[in-house]
Amino acid sequence: MLGKFFKKPADDLGGRIPPGQTLTTRFPVLTYGPAQHYRPEEVVVRITGLAEPQTFTWADLLALPQTTLTHDIHCVTHWSKLDTTWTGVRVTDLMERVQLQPGATHVMQRSVGGYTTNLALADFVRSENLLAHTFAGEPLDAEHGGPLRLVVPHLYFWKSAKWLTELEFMPEDRPGFWERNGYHGRGDPFKEQRYDDD
Ligand SMILES: Nc1nc2c(c(=O)[nH]1)N[C@H]1C(S)=C(S)[C@@H](COP(=O)(O)O)O[C@H]1N2
Ligand SMILES: [Mo]
């Protein structure tokens, strides 16, 4: 009887699978509304809010150091995918070129099509976070956010905007799309921060 309660999950792969998650080897597409389709040459990431205004074009982004990283990703709809390999620009490398103004504490990611999601600066400026244009060595599909998306692997995947077009630095936390619709402000999968009362 006791054994039933103390049994570990079949295999949590050394703690890599957060509570309530199931592994998938597929790559599900999770988009509210239609996918956005546009060419890499049309990519622009605008820096707005509490920062020196500037834009990064596709050419600007490719001229920055390119990094390939392998991450586990976790969707709030209960799937996790291990060992996904992304190439792009580290957020830390981008932020070396961004002049923040005093008082910036949070950032809103904005996408082509209007999706938004918010992050504290401490969750945004992490060396494993990428502005990714390549998945598993191939240009990122439009369905998965190509030409350019964020990958913030330590939080649920809704915190990683596809079709990124703007980073707005803010003097306080403001909710993005899913955060206004009941999702948690931070979304740490290992703390199961799924909904705003978790
Ligand atoms: N622009 C945009 N970004 C988005 C979303 C979206 O609907 N629009 N969905 C989010 C959610 S809920 C998840 S789980 C991941 C899914 O990424 P995928 O479709 O590549 O699996 O993208 C996130 N980024
Ligand atoms: Mo999601």
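Being a predicted model, the structure only gives us computed values, none of them experimental.

UniProt annotation of "domain: Oxidoreductase molybdopterin-binding" (unreviewed entry) refers to residues 35–178 when read in the numbering used here. In residues 35–178, the share of helix is 12% and the share of strand is 41%. The end C-alpha atoms are 17 Å apart.

Bringing the environment of Glu192 into the picture now. If you trace the backbone, Glu192 turns up in the segment after helix H5 (177–180). The class of Glu192 is partly exposed, set by a relative accessible area of 30%. Distance from Glu192 to Tyr156, taken between C-alpha atoms, is 9.1 Å for residues 36 residues apart in sequence. With residues up to four places along the chain from it excluded, the contact list for Glu192 reads Pro19, Gly20, Tyr156 and Asp198.

Tallied over the full model, the rule gives 13 aromatic pairs. When the ring of Tyr32 is compared with that of Trp178, the centres are 5.7 Å apart and the planes differ by 85 degrees; the resulting orientation is edge-to-face. Residue Tyr32 is located in the loop between strand E1 (22–23) and strand E2 (44–49), and its partner Trp178 is located in helix H5; the two are separated by 146 residues in the primary sequence. Taking relative accessible area as the criterion, Trp178 reaches 24% and is therefore assigned partly exposed. Geometrically, the ring pair formed by Trp158 and Tyr183 is edge-to-face, given 4.7 Å between the ring centres and 65 degrees between the ring planes.

Let us now look at the side chain of Asp123. Of note, Asp123 is situated in helix H4 (residues 121–124). Polar contacts involving the side chain of Asp123 include one to the side chain of His154, which spans 2.8 Å. Apart from the residues within four sequence positions on either side, Asp123 is in contact with Asn129, Val152, His154, Leu155 and Arg186.

The next thing to look at is the pattern of salt bridges. Taken as a whole, this structure holds 15 salt bridges when the rule is applied. Note that Arg110 and Glu168 form a salt bridge whose closest N and O atoms lie 2.5 Å from each other. Within this pair, whereas Arg110 is found in strand E6 (residues 106–111), its partner Glu168 is found in strand E11 (residues 164–170), the two being separated by 58 residues in sequence. Residue Arg110 is classed as partly exposed on the basis of its relative accessible area, which comes to 28%. What emerges from the salt-bridge pattern is a single network uniting Arg46, Arg110, Glu166, Glu168, Glu172 and Arg174.

The biggest cluster of nonpolar side chains holds 35 residues, and the ones touching the most others in it are Phe56, Leu61, Leu94, Phe124, Leu131, Leu167 and Phe169. At the level of secondary structure, the elements contributing two or more residues to this core comprise E2, helix H2 (58–63), helix H3 (91–95), H4 and E11. Ranked by size, the runner-up nonpolar core spans 12 residues in total, among them Leu130, Ala132, Val151 and Phe157.

Looking at the largest pocket, its volume works out to about 470 Å³. Leu30, Thr31, Tyr32, Tyr115 and Lys162 are the residues nearest the centre of the largest pocket, which is lined by 30 residues in total. Classifying every residue of the lining of the largest pocket gives 18 nonpolar, nine polar and three charged.

Next up on the list: the site of ligand 1. Among the 19 residues in the neighbourhood of ligand 1, the closest are listed as Pro28, Tyr32, His144, Arg149 and Lys162. Within the contact set of ligand 1, an oxygen atom lies 2.7 Å away from a backbone nitrogen or oxygen of Pro28. A distance of 3.1 Å is found between a nitrogen atom of ligand 1 and a side-chain nitrogen or oxygen belonging to Ser111.

Moving on to the pairing of E11. With respect to burial, E11 is a largely interior element, six of its seven residues being buried. In this sheet, E11 lies alongside E2 in parallel orientation, the contact comprising four bridges. Within E11, the residue paired with Ile47 across the bridge is Leu167. Of the pairings in the sheet, the one linking E6 to E11 comprises six bridges and is antiparallel in character. Considered in E11, the bridge of His106 is made with Met170.

Reading the values: the criteria
Sequence order as written defines the numbering, with residues in each chain counted from 1. Here chains are named by letter from A upward and ligands by number from 1 upward, in the order in which they appear as written. This being a predicted model, a pLDDT of at least 70 is required before a residue's local features are given, and a value of 80 or more before pairs of side-chain atoms are given or counted; all residues contribute to the totals for chains, interfaces and linings. Side-chain metrics rest on all non-hydrogen atoms present in the structure, leaving aside hydrogens and water. UniProt positions are given in the numbering used here, feature names are shortened, and annotations may be inferred rather than shown by experiment. Runs of H or I in DSSP of at least four residues are treated as helices and runs of E of at least two as strands, each being numbered from the N terminus. For the exposure calls, accessible area comes from a 1.4 Å probe over protein chains only, and a residue counts as buried if that area is under 20% of its type's maximum, exposed if over 50%, partly exposed in between. Contact between two residues is taken to exist if any of their heavy atoms lie within 4.5 Å; hydrogens are not considered. Two rings belonging to Phe, Tyr or Trp (six-membered ring only in the last case) form a pair when the distance between their centres is within 6.5 Å. Interplanar angles under 30 degrees mark stacking, angles over 60 mark edge-to-face geometry, and anything in between is tilted. Residues adjacent in sequence count toward polar contacts only when both atoms are side-chain atoms; beyond that, a polar contact is any pair of N or O atoms within 3.5 Å, and within protein one must be able to donate a hydrogen and the other to accept it. Any carboxyl oxygen of Asp or Glu within 4 Å of a side-chain nitrogen of Lys or Arg constitutes a salt bridge here. Buried residues of nine kinds, namely Ala, Val, Leu, Ile, Met, Phe, Trp, Tyr and Cys, make up a nonpolar core once their side-chain atoms join them within 4.5 Å. Buriedness for pockets is judged along seven lines, at least five of which must meet protein on both sides within 12 Å for an open set on the 1 Å grid over protein atoms alone, while cavities are sets there where a 1.4 Å probe fits but cannot get out, and lining residues have an atom within 4 Å of a point. Grid points are joined across faces, edges and corners, and a volume is the space filled by probe spheres set on the points. Classification convention: Asp, Glu, Lys, Arg as charged; Ala, Val, Leu, Ile, Met, Phe, Trp, Tyr, Cys, Pro as nonpolar; all other residues, Gly among them, as polar. When at least one non-hydrogen atom of a residue lies within 4 Å of a molecule or strand, that residue is treated as near it. Strand pairing is assigned whenever DSSP detects at least two bridges linking the two strands.

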